[in-house]
Amino acid sequence: AFVTGKFDQYNSGEPLSAISQAFGELCRMIAKQGASVCKDIEDVLRAKLQNEVYLLTQIIPDLNKVINQDTEHTKTSDDTTSDARQTKLNYAFRILVRVMSSHFSPLIICLDDLQWADVSSLEMIELLVSDAQNKNSLMIIGCYRSNE
C-alpha cells in the first residue's frame, strides 16, 4: 500500500497532521476492501491495545471506518500526565504500523514538505523507523524543500 501525507506551513502547529492524513488514506483503502478485512485488523488492534485504540481514533478519525465505532475511552490516572499519554500514543502507533504493514506489505508512507513538520511528527517518524520489533516491510519517504 502506498499512502501520502503533506505538512502545511500554515498548520505547522497541528501535531501529526501529515501522519494523520496518510493513515486516514490507508483506513479508507481498508474500508473499501470489505468488512472481513476491517474485522481482522480490528481484532488484532483491540487484542493488543484494548481501550488504547481510542488514542489512535483521536489522531486518525478515519480509523473509525475500520474498527467498530463504539470505541470507549476509560479515564485512568495516567491520563492526567502528558508524558504518560505520549508513551501510550507512541506504543499505539507502533502497534498500528506493525498491524498495517503485516496486512499491506510493503507499506509505503510518503510524507511531503517535511520542512513544515512539527516536532511531534518528527519524533513519531523516528520512532516508527527505528522500531526493531516491526518485522514487516515499511518504507517512509520524506520530501522537503531546502530553500524554505
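Our structure's up above, just so we're on the same page.
Rules used throughout
Residues numbered from 1 in each chain as written. Predicted model: local features only at pLDDT ≥ 70, side-chain atom pairs only at ≥ 80, totals over all residues. Heavy atoms only, no water. Phe/Tyr/Trp six-rings, centres within 6.5 Å; stacked < 30°, edge-to-face > 60°. Helix = DSSP H or I, 4+ residues; strand = E, 2+ residues; numbered from the N terminus. Buried < 20%, exposed > 50% of the residue type's maximum accessible area, 1.4 Å probe, protein only. Salt bridge = Lys/Arg side-chain N within 4 Å of Asp/Glu carboxyl O. Pairing = 2+ DSSP bridges. Axes fitted to C-alpha atoms, helices over the stretch in contact; angles between N-to-C directions. Parallel < 35°, antiparallel > 145°, perpendicular 65-115°, else oblique. Left-handed = near helix turned anticlockwise from the far one by under 90°. Contact = heavy atoms within 4.5 Å. Nonpolar A, V, L, I, M, F, W, Y, C, P; charged D, E, K, R; others polar.

(A) Examining the packing of aromatic side chains more closely. All chains considered together, the criterion is met by 1 aromatic pair. Their ring planes at 70° and their centres at 5.9 Å tell us that Phe23 and Phe93 sit as a pair that is edge-to-face. Of the two residues, Phe23 sits in helix H1 (residues 17-32) while Phe93 sits in helix H4 (residues 82-103), which places them 70 residues apart along the sequence. Residue class for Phe23 comes out buried when judged on its relative accessible area of 3%.

(B) Focus on the pattern of salt bridges. What the rule picks out here adds up to 10 salt bridges. Two residues, Lys65 and Asp62, come together in a salt bridge whose shortest N-O distance is 3.4 Å. A salt bridge links Asp112 to Arg145, with the nearest nitrogen and oxygen atoms 3.9 Å apart. Of this pair, Asp112 sits in strand S2 (residues 107-112) while Arg145 is found in the segment after strand S3 (138-142), placing the two residues 33 residues apart along the sequence. Taking relative accessible area as the criterion, Arg145 reaches 36% and is therefore assigned partly exposed. Beyond isolated ion pairs, a larger network of salt bridges with shared partners links Lys6, Asp112, Asp113 and Arg145.

(C) Focus on the sheet that holds strand S1 (residues 2-6). If you trace the 3 strands from one edge of the open sheet to the other, you get S1-S2-S3, paired in parallel fashion. Bordering the open sheet on either side are S1 and S3, each of which pairs with just one other strand. Sheet twist, expressed as the average angle between the axes of neighbouring strands with direction ignored, equals 15°. Looking at chain direction, S2 and S3 are connected through 5 bridges and run parallel. Pairing of Cys110 across the sheet is with Ile141, part of S3.

(D) Region of the structure containing unusual backbone geometry. Note the cis peptide between Ser105 and Pro106, where omega equals 0°. Positioned with a positive phi, Leu16 is a non-glycine residue whose angle comes to about 60°. Looking at the element boundaries, Leu16 is found in the loop between S1 and H1. Phi is positive for Gln50, close to 50°, though the residue is something other than glycine.

(E) Structural detail: the packing of helix H2 (residues 35-49) against H4. Relative orientation of the contacting elements H2 and H4 amounts to 150°, with a least axis distance of 10 Å. As far as their axial angle goes, H4 and H2 are roughly antiparallel. Relative to H4, H2 is oriented so that their crossing is right-handed. Touching Asp40, Ile41, Val44, Leu45, Lys48 and Leu49 of H2 are Tyr91, Ala92, Ile95, Leu96, Val99, Met100 and His103, all from H4. Partitioned by chemical class, the residues of the contact of H2 with H4 number 10 nonpolar, 1 polar and 2 charged.

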